[in-house]
Amino acid sequence: LVVAIDLSEDGPRVIAVVAAGEHVLKSRGFLYVTSWLRHYREIPSRLKKSYLRRFSKSYPRIAEYIVSARIYRELQQVVAVVESLASSILLVDDKLVDHFKHISTVIVPERSIRYEHHRRLMFVADNLANYFRVVLRDSPRMFKEELRKFEK
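Overview of the structure. (Residues numbered from 1 in each chain as written. Predicted model: local features only at pLDDT ≥ 70, side-chain atom pairs only at ≥ 80, totals over all residues. Heavy atoms only, no water.)

**Section: the sheet that holds strand E3 (residues 68–72)**
In step 1: Across the sheet, which stays open at both edges, the 5 strands sit in the order E3-E2-E1-E4-E5 with mixed pairing between neighbours. Strands at the two margins of the open sheet, each flanked by one partner only, are E3 and strand E5 (106–109). Sheet twist, expressed as the mean angle between neighbouring strand axes with direction ignored, is 15 degrees.
In step 2: With 7 bridges connecting them, strand E1 (residues 2–8) and strand E2 (residues 14–20) associate as antiparallel partners. By the bridge assignment for E2, Val2 is matched with Ala20.
In step 3: In this fold helix H5 (residues 116–138) packs onto E1, E2, E3 and strand E4 (89–92), with an angle of close to 35 degrees to the strand it touches most, E1. (Pairing = 2+ DSSP bridges. Helix = DSSP H or I, 4+ residues; strand = E, 2+ residues; numbered from the N terminus. Axes fitted to C-alpha atoms, helices over the stretch in contact; angles between N-to-C directions. Contact = heavy atoms within 4.5 Å.)

**Examining the pairing of E3**
In step 1: Within E3, 4 of the 5 residues are buried, leaving the element largely enclosed by the surrounding structure.
In step 2: Bridging between E2 and E3 involves 5 bridges; their strand directions are antiparallel. Of the residues in E3, the one forming a bridge with Val18 is Ala69. (Buried < 20%, exposed > 50% of the residue type's maximum accessible area, 1.4 Å probe, protein only.)

**A few points about the pattern of salt bridges**
In step 1: Under the defined criterion, the tally for this structure stands at 7 salt bridges.
In step 2: Here Lys26 ties to Glu22 by a salt bridge, and the two come within 3.9 Å at their closest N and O atoms.
In step 3: Residues Glu116 and Arg120 are paired through a salt bridge, measuring 2.9 Å at the closest nitrogen-oxygen approach. Of this pair, Glu116 and Arg120 both sit in helix H5, 4 residues apart, which is roughly one turn of that helix.
In step 4: Note on Arg120: relative accessible area 12%, which makes it buried. (Salt bridge = Lys/Arg side-chain N within 4 Å of Asp/Glu carboxyl O.)

Quick look at the structure:
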């Protein structure tokens, strides 16, 4: 199991945890449905709103390849959940690496991801975190409703 953890904190803090099997990430289907994903920071400002709308519409197809996707607001919850998952590889946002050093698994900081299928899973986590950060910032009442649609 490969687990990707991404933090989005430009405004409200949101942490996304996404898990999938290594063999699934390497599959042609997963690589195809995630081929258009980019790191949210790389999207030009004028396109961010439409990019997130496209992500929310495309997410059900991506979710078919994912074992688990969860959104958290508190880091302590994330650490507890990640400890309970039997992951073989942990892809972690650079700002959060120190919080997971005690877990006995391979930890790969986001800046050091070498494989494309791992990068794509990290993009899914990054986009989920940013999507929910924007939802929480712009329409907090919709946050819980959106969580029900996305979490697996």
